[in-house]
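# Observations on the three-dimensional arrangement
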Amino acid sequence: MAMQAAGTDRPATIHDIAALCGVAASTVSRALSTPDRVNIRTRERIQAAAAELNYLPNSQAKALSSGRTGAVGVLVPDITNPFYFDLIRGTQLQLKAAGYTQLLVDTEESDEVEASTLEQLRKTADGVIVAASRLTDDALLAAAGKAPLVTINRDVAGVPAVIIDTPSATSQALDHLISLGHTRVAYIAGPLTSQSSERRWTALSEAAQDRGVEVRSLGPFAPKTQSGAAAADAAVHSGVTACIAFNDLIAIGMLQRLRERGIRVPEEMSIVGCDDIFGADFCNPPLTTMASPIEQAGRVAVSMLLAKLNPLAGGGIRTRSVMPTHLTVRGSTAAAPAPSTAP
C-alpha cells in the first residue's frame, strides 16, 4: 500500500515527489517513465523521494484513461541461461520505477513460440522487449509494425535495438591469443538462428585475415553447458591451440570435457568465453571471457521502449544503442604450446 502524503489521508502523488525534490511535476513524470531523459543526479533524487514516499503509480486508472495495460512483455530464449539473469534484473528495475509490470516469457529457443507469444502480448502488454530474437528479419519487422517493440542483440533495419558490441571484444580476444603465440584458433559457433554468433564469426574471420592467422568455425552448438563436450572434442580433432566460444556456458562445458580427457587448460589448450556470467571466475581455471554490460542493456532497452510509449514526455526517440564490451583475462588462456618435435 502506498504511504500517505505528509499531513493528508491520501496516497503520495508525483506532485508530492516534486515538492519534496523542488522540481516540476513534469520532471518527476519523465524521471519515472523515461529515466534516461533526466539528469542522473535529479533522477536519483526523484527515485529516492519516490521510494521514501512509497509512491506507486495508479496503473488501473492509467489503463482506464489510456487504454493501456501497464504491462511490458520481456522475451528471452532461455530463462535458465545466466546471461539473462542480469538482463531481466535490469528490465525489471527500470519498468518497476516507471510503474509498469514485467511479463517474463521463456521462448525456449523456438521461433514458433516467440511468434505466438508476440501475437498474444499484443492484447495484454503495452510493448515488448525481445532478447536475442530467433525470428527471421521479415517476421521481426512485421511484429514491430504491429506493436511497440525493442530488441536486444538483434539488429534489423526499422526495428529499435540495443546491441551489445561483442564483435569488437571478439577481435580483442583474438589479439590476446595472438600475443600469446597462438596461430590456429577455433570459433565455437552458437545456434544457426543467432545473429550474434554470425556477427562474431564475421568480425573474427576479418580480424584473422588482417593479422595473418588461421581461424576456423566449429559447430553450430546449442548455447548450453552440455554442448561443451562435443565442442571440446571437435576442437581437439581440429588441431587448434585456442578456442573462442559463443558463450560462457559452452566454454565451461569445454573446460570440464578437456579435464576429463586429460588435456590441460591453458597449458595445452586456451579457452575464451563470452558474457562473463556469474560463475565464470569460479571455474577451474577461471575463465577468460568477453564482459558485457548486460543489466545496463536491459535498462536502456526499457528506456527506449518507454520513450515510444510516452512520446510527450520529451526528448527524441532512439532507434539504436550500442553497448561497449571488453575482454577480461583470467586463467584459461596462456602461451601456445611448443610445436611437437616427435618424429
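Looking up the protein chain in an unreviewed UniProt entry gives the name Bacterial regulatory s, lacI family protein, with the organism given as Pseudarthrobacter siccitolerans.

## Considerations on the environment of leucine 75
Looking at where leucine 75 falls in the secondary structure, it is placed in strand β1 (residues 71–76). In this structure leucine 75 comes out as buried when scored by relative accessible area, which is 1%. Between the alpha carbons of leucine 75 and valine 128 there is a distance of 7.6 Å; along the sequence they are 53 residues apart. Not counting residues up to four positions away in its chain, the partners in contact with leucine 75 are Val105, Thr107, Glu114, Thr117, Leu118, Leu121, Val128, Ile129, Val130 and Ala131.

## Comments concerning the packing of aromatic side chains
Summed over the entire model, instances satisfying the criterion amount to three aromatic pairs. Considering the side-chain rings of phenylalanine 278 and phenylalanine 282, the 5.5 Å spacing of their centres and the 85 degrees angle between planes classify their relative orientation as edge-to-face. Grouping residues by exposure puts phenylalanine 278 and phenylalanine 282 together as exposed.

## Concerning the sheet that holds strand β5 (residues 161–164)
Read across the sheet, six strands follow the order β2-β1-β3-β4-β5-β11 without closing on themselves; strand pairing throughout is parallel. Two strands bound the open sheet, and with one partner strand each, they are β2 (101–106) and β11 (320–323). If you compare each strand with its neighbour and ignore which way they point, the axes differ by 15 degrees on average. Sheet strands touched by helix α6 (residues 111–124): β1, β2, β3 (127–131) and β4 (149–152). Its angle to β1, the strand with the most contacts, is close to 175 degrees.

## Considerations on the pattern of salt bridges
Applying the stated criterion across every chain yields a total of 16 salt bridges. Here aspartate 86 and arginine 89 are joined by a salt bridge, their closest N and O atoms 2.4 Å apart. Of this pair, aspartate 86 and arginine 89 are both found in helix α5 (residues 83–97), three residues apart, which corresponds to roughly one turn of the helix. Overall, the relative accessible area of 40% leaves arginine 89 in the partly exposed class.

## Some points on the pairing of β3
Most of β3 sits out of view: five of its five residues are buried. Bridge count for β1 against β3 is four bridges, and the pairing is parallel. Each bridged residue has a counterpart across the sheet, and for glycine 73 the counterpart in β3 is valine 128. Bridge count between β3 and β4: four bridges; the pairing is parallel. Each residue of the ladder has a partner; that of isoleucine 129, found in β4, is valine 150. Assessed by its sense of winding, the connection that carries the chain from β3 through helix α7 (residues 137–146) to β4 is right-handed.

## Details of unusual backbone geometry
With an omega of 15 degrees, the peptide bond running from valine 265 to proline 266 counts as cis. Position of proline 266 relative to the elements: it lies in the loop between α11 (248–260) and β9 (270–275). Omega for the bond connecting asparagine 284 with proline 285 falls within 30 degrees of zero, at 0 degrees, which places this linkage in the cis form. Within the element layout of this structure, proline 285 appears in the loop between β9 and β10 (288–291). Even without being glycine, asparagine 54 reaches a positive phi, approximately 55 degrees. If you trace the backbone, asparagine 54 turns up in the loop between α3 (40–52) and α4 (59–66). The backbone of alanine 132 sits at a positive phi, close to 50 degrees, despite the residue not being glycine. Secondary-structure assignment places alanine 132 in the loop between β3 and α7. Overall, alanine 132 belongs to the buried group, its relative accessible area being 12%.

## Looking at the domain arrangement of the protein chain
In terms of domain boundaries, the protein chain breaks down into domain 1 (14–66), domain 2 (71–164 + 293–323) and domain 3 (166–292). A straight line from the C-alpha centre of domain 1 to that of domain 3 covers 45 Å.

Rules of the game
Residues numbered from 1 in each chain as written. Predicted model: local features only at pLDDT ≥ 70, side-chain atom pairs only at ≥ 80, totals over all residues. Heavy atoms only, no water. Helix = DSSP H or I, 4+ residues; strand = E, 2+ residues; numbered from the N terminus. Buried < 20%, exposed > 50% of the residue type's maximum accessible area, 1.4 Å probe, protein only. Contact = heavy atoms within 4.5 Å. Phe/Tyr/Trp six-rings, centres within 6.5 Å; stacked < 30°, edge-to-face > 60°. Pairing = 2+ DSSP bridges. Axes fitted to C-alpha atoms, helices over the stretch in contact; angles between N-to-C directions. Salt bridge = Lys/Arg side-chain N within 4 Å of Asp/Glu carboxyl O. Right-handed = clockwise from strand over helix to strand, strands pointing away. Domains from an automatic or database assignment.

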